[in-house]
Amino acid sequence: MTPAPGPHDPQSPGFATRAIHAGQDPDPLTGAVAVPIYQTSTFAQDEVGQPRAGYDYSRAGNPTRTALEQALAALEGGRSGFAFASGMAAADTYIRAALRPGDHLILPDDAYGGTFRLVDKICVPWGLTYSTVSLGDLAAVRAAIRPTTKVIWCETPTNPLLGIADIAALAEIAHESGAKLLVDNTFASPYLQQPLALGADVVLHSTTKYVGGHSDVIGGALIVDDPELAEALAFHSKSMGAVPGPVDAWLTLRGVKTLAVRMDRHCDNAERVVELLVGHPRVARVYYPGLPAHPGHAIAARQMRRSGGMVSFSVVGGQEEALKVCRRTQLFTLGESLGGVESLIEHPGLMTHASVAGSALQVPDDLIRLSVGIEDADDLLADLRDALD
Ligand SMILES: *Cc1c(COP(=O)(O)O)cnc(C)c1O
């Protein structure tokens, strides 16, 4: 557990300043400006049961990890941050810490596939029950609440159709019935969206994506305000042990430092890409919350600083044409994942979302998803133009 500057403290420094300094004071021993990689499993004790700086064993805590946890808590405006070995480890640890067999969870009907699999295949046999609902339909969310509902699980923007859920409205619905709202903030990043300030109780990240930002490390995080929940998370994290090693924590922290500038460039480039796609004769439809015609545009404008770096679109001519475009790009690398500095292209129907084919979650087969990177926009546009022509 890592105490951070007060939640949503108006006195706290700006986002980019926190990204570079929160939890990252120069090393007290050497003055090292970069947080050292404390590559150690255990720590010498001065007296029996008296660790020098509160660290006794790196599963329970490690100074490099603490720096990352404090930085993430500060960026989300939460009291406590916890880092995990992956986004899924963060999700699993939260569920075990906050829910009990017999409890009920509400999942978005287009939840990240790994989250759905964790709940459906691992947590249901453990005793959890769940319903899926479209979070855009607030009446349906209300109707799905049961006396045993403990958590509404929200993703916004969603994957791959960039749907928008109203965080403040969902928080109100959850709290009316004594439930909590968790927001998976992976797609927006804390730079673009601050769920705790909008009323959410828990923020989850796959730091593998924008927070790490360089496609070189897997990680996850939870950020919370409630001290009781923080205590339960600390206990479960230590007991379940799905923690990142010091090198992974350090790499993620290195990514955090540039989050603000990267996100602005991701957004600048995505806006240019959207502009190209919207006017292109081979493009049938563009999904981007920054477009006024997007059904979630007004909510996105209210709760997000900008519209993000993810863009989806469908092409004229169906799946065959979509696959051709995916094969033809040179700069946009064909691959899963998102949020790194390099631009990626994928066909959700046959790649990230292949497992939901034939279900209600099936995505259009002419859909292409872009993770727009931070290369020169003109080069990205030229690459897309060539691939579409
Ligand atoms: C990638 C992702 C996850 C899972 O994170 P891992 O780091 O891959 O375990 C969870 N939620 C969303 C929205 C994601 O994109």
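From a predicted model like this one, the values you see are computed outputs, not experimental measurements.

Asker: How should the overall build of the protein chain be read in this particular structure?
Answerer: Helix and strand counts for the protein chain come out as 13 helices and 14 strands. A compact globule built from 389 residues should have a C-alpha radius of gyration of about 21 Å, and the protein chain, at 21 Å, falls within 12% of that. Counting only C-alpha atoms and orienting by the principal axes, one finds that the protein chain spans roughly 75 × 50 × 40 Å. A fraction of 72% describes how many contacts in the protein chain between residues 6 or more apart in sequence connect residues 24 or more apart. Accessible surface for the protein chain amounts to roughly 16,200 Å². Of this, 54% is attributable to carbon and sulfur atoms. Where the 30 positive side-chain charges of the protein chain centre and where its 44 negative ones centre are 2 Å apart.

Asker: Help me out: how do you make sense of the pattern of salt bridges in this one?
Answerer: Should their charged atoms come close, side chains of opposite charge can pair. Counted according to the given criterion, the structure contains 14 salt bridges. Salt-bridge contacts for Asp46 lead to Arg52; the nearest nitrogen and oxygen are separated by 2.7 Å. Just as Asp46 is exposed, Arg52 falls in that class too. One salt bridge in this structure joins Glu176 and Arg142, with 3.5 Å as the shortest N-O distance. Here Glu176, found in helix 6 (residues 167-176), pairs with Arg142, found in helix 5 (residues 138-144); they are 34 residues apart in sequence, far enough to count as distant. For Glu176, a relative accessible area of 54% puts it in the exposed group. Under the relative-accessibility criterion, Arg142 is labelled partly exposed at 45%. Each of Asp264, Asp268, Glu271 and Arg306 takes part in a single network of salt bridges with overlapping partners.

Asker: Before we go on, may I ask you to explain the site of the ligand in this structure?
Answerer: Around the ligand, a shell composed of Ser86, Gly87, Met88, Tyr112, Asp184, Thr186, Phe187, Ser206, Thr208, Lys209 and Gly219 is seen. One nitrogen or oxygen atom from the main chain of Met88 is found 2.9 Å from an oxygen atom belonging to the ligand. In this structure, Ser206 approaches the ligand through a side-chain N or O atom, which is 2.8 Å from an oxygen atom. A total of 380 Å² of accessible area belongs to the ligand in isolation, and the protein chains cover 92% of it.

Asker: Before we go on, may I ask you to explain the packing of helix 3 (residues 87-98) against helix 8 (residues 227-240) in this structure?
Answerer: Packed helix pairs are specified by the crossing angle of their axes together with the interaxial distance, meaning the distance between the axes. Packing of helix 3 against helix 8 brings their axes to within 9 Å, and their N-to-C directions diverge by 120°. Our classification of the angle between helix 3 and helix 8 gives oblique. For the pair helix 3 and helix 8, the crossing hand works out as right-handed. Note on element contacts: helix 8 touches helix 3 through Leu229, Ala232, Leu233, His236, Ser237 and Met240, opposite Asp92, Thr93, Tyr94, Arg96, Ala97 and Ala98.

Asker: Even after reading the chapter, I still don't get the pairing of strand 6 (residues 149-155), so can you show me in this structure?
Answerer: Along a regular strand, successive side chains alternate from one face of the sheet to the other. By the criterion of burial, strand 6 is predominantly enclosed, with six of the seven residues buried. In terms of strand pairing, strand 4 (residues 104-108) meets strand 6 through three bridges, oriented parallel. Along strand 6, the bridge assignment pairs Leu105 with Val151. Sheet analysis places strand 6 next to strand 7 (residues 180-184), joined by five bridges and oriented parallel. Its bridge partner being in strand 7, Ile152 is matched across the sheet by Leu181. Where the polypeptide runs from strand 6 across helix 6 and back to strand 7, its parallel neighbour, the crossover connection is right-handed.

Asker: Just checking my understanding: could you explain the domain arrangement of the protein chain for this structure?
Answerer: Each assigned domain of the protein chain is listed with its residue range as follows: domain 1 (15-257) and domain 2 (260-388). By the criterion of area lost to domain 2, the three top residues of domain 1 are Tyr191, Leu192 and Tyr210, representing 28% of everything that side buries. When the shortest N-O distance is used, the salt bridge between Asp166 and Arg302 registers 3.1 Å. At the boundary of domain 1 and domain 2, one finds 15 residue pairs in polar contact (both at pLDDT 80 or more). Sort the elements by how many residues they give to the side of domain 1 that touches domain 2 and helix 7 (residues 189-192) lands first, with three residues. Here the side of domain 1 that touches domain 2 is composed, by residue class, of 17 nonpolar, eleven polar and four charged.

Asker: Help me understand the side chain of Arg18 in this model?
Answerer: With respect to the element layout, Arg18 can be found in helix 1 (residues 15-21). Buried charge without a partner: Arg18 forms no salt bridge, and the closest opposite charge is Glu76, 8.3 Å away. Looking at Arg18, its side chain comes within polar contact range of the main-chain oxygen of Pro13, at 2.8 Å.

Asker: So what exactly am I meant to see when it comes to helix 10 (residues 259-278) here?
Answerer: Residues spaced three or four apart along an α-helix face the same direction, because each turn holds 3.6 residues. Over its 20 residues, helix 10 extends 28 Å from the first C-alpha to the last, a length consistent with the 28 Å expected when each residue adds 1.5 Å. Along helix 10, the residues that are buried comprise Leu259, Ala260, Arg262, Met263, His266, Cys267, Asn269, Ala270, Val273, Val274, Leu276 and Leu277.

Asker: What's the story with the sheet that holds strand 10 (residues 283-287) in this structure? I'm lost.
Answerer: Note: strands within a sheet are paired through backbone hydrogen bonds, in either parallel or antiparallel orientation. In space, the five strands of this open sheet follow the order 10-11-14-13-12, with mixed pairing throughout. Edge positions in the sheet fall to strand 10 and strand 12 (333-334), since each of these pairs with one other strand and no more. Where strand 11 (residues 310-315) meets strand 14 (residues 367-371), five bridges bridge the pair, whose relative direction is antiparallel. Residue pairing across strands places Phe313 opposite Ile368, the latter belonging to strand 14. Contacting strand 11, strand 12, strand 13 (344-346) and strand 14, helix 12 (residues 318-328) runs over the sheet at an angle of about 135° to strand 11.

Asker: How should the nonpolar core be read in this particular structure?
Answerer: Proteins that are soluble and globular tend to have nonpolar side chains buried together. In this structure, Leu68, Leu72, Tyr191, Leu192, Ile223, Val256 and Leu259 are the most contacted members of the largest nonpolar core, which totals 36 residues. Secondary structure elements with two or more residues in this core: helix 1, helix 2 (63-76), helix 7, strand 9 (220-224), helix 9 (246-257) and helix 10. Top element by residues in this core is helix 2. It accounts for six residues. Both domains that meet at this core, namely domain 1 (15-257) and domain 2 (260-388), each give it at least three residues. If near-sequence neighbours (up to four positions away) are discounted, Leu259 is found in contact with Phe15, Leu75, Ser189, Pro190, Tyr191, Tyr210 and Val211.

Rules of the game
Residues numbered from 1 in each chain as written. Predicted model: local features only at pLDDT ≥ 70, side-chain atom pairs only at ≥ 80, totals over all residues. Heavy atoms only, no water. Helix = DSSP H or I, 4+ residues; strand = E, 2+ residues; numbered from the N terminus. Rg over C-alpha atoms; globule rule 2.2 N^0.38 Å. Contact = heavy atoms within 4.5 Å. Areas by Shrake-Rupley, 256 points an atom, 1.4 Å probe, with all protein chains shown as cover. Lys, Arg positive; Asp, Glu negative; His and termini not counted. Charge placed at Lys NZ, Arg CZ, Asp CG, Glu CD. Salt bridge = Lys/Arg side-chain N within 4 Å of Asp/Glu carboxyl O. Buried < 20%, exposed > 50% of the residue type's maximum accessible area, 1.4 Å probe, protein only. Near = heavy atom within 4 Å. Polar contact = N/O pair within 3.5 Å; in protein donor to acceptor, adjacent residues only side chain to side chain. Axes fitted to C-alpha atoms, helices over the stretch in contact; angles between N-to-C directions. Parallel < 35°, antiparallel > 145°, perpendicular 65-115°, else oblique. Left-handed = near helix turned anticlockwise from the far one by under 90°. Pairing = 2+ DSSP bridges. Right-handed = clockwise from strand over helix to strand, strands pointing away. Domains from an automatic or database assignment. Buried area = accessible area lost by both parts, 1.4 Å probe. Nonpolar A, V, L, I, M, F, W, Y, C, P; charged D, E, K, R; others polar. Expected span 1.5 Å × (residues − 1). Core = buried A, V, L, I, M, F, W, Y, C linked by side-chain atoms within 4.5 Å.

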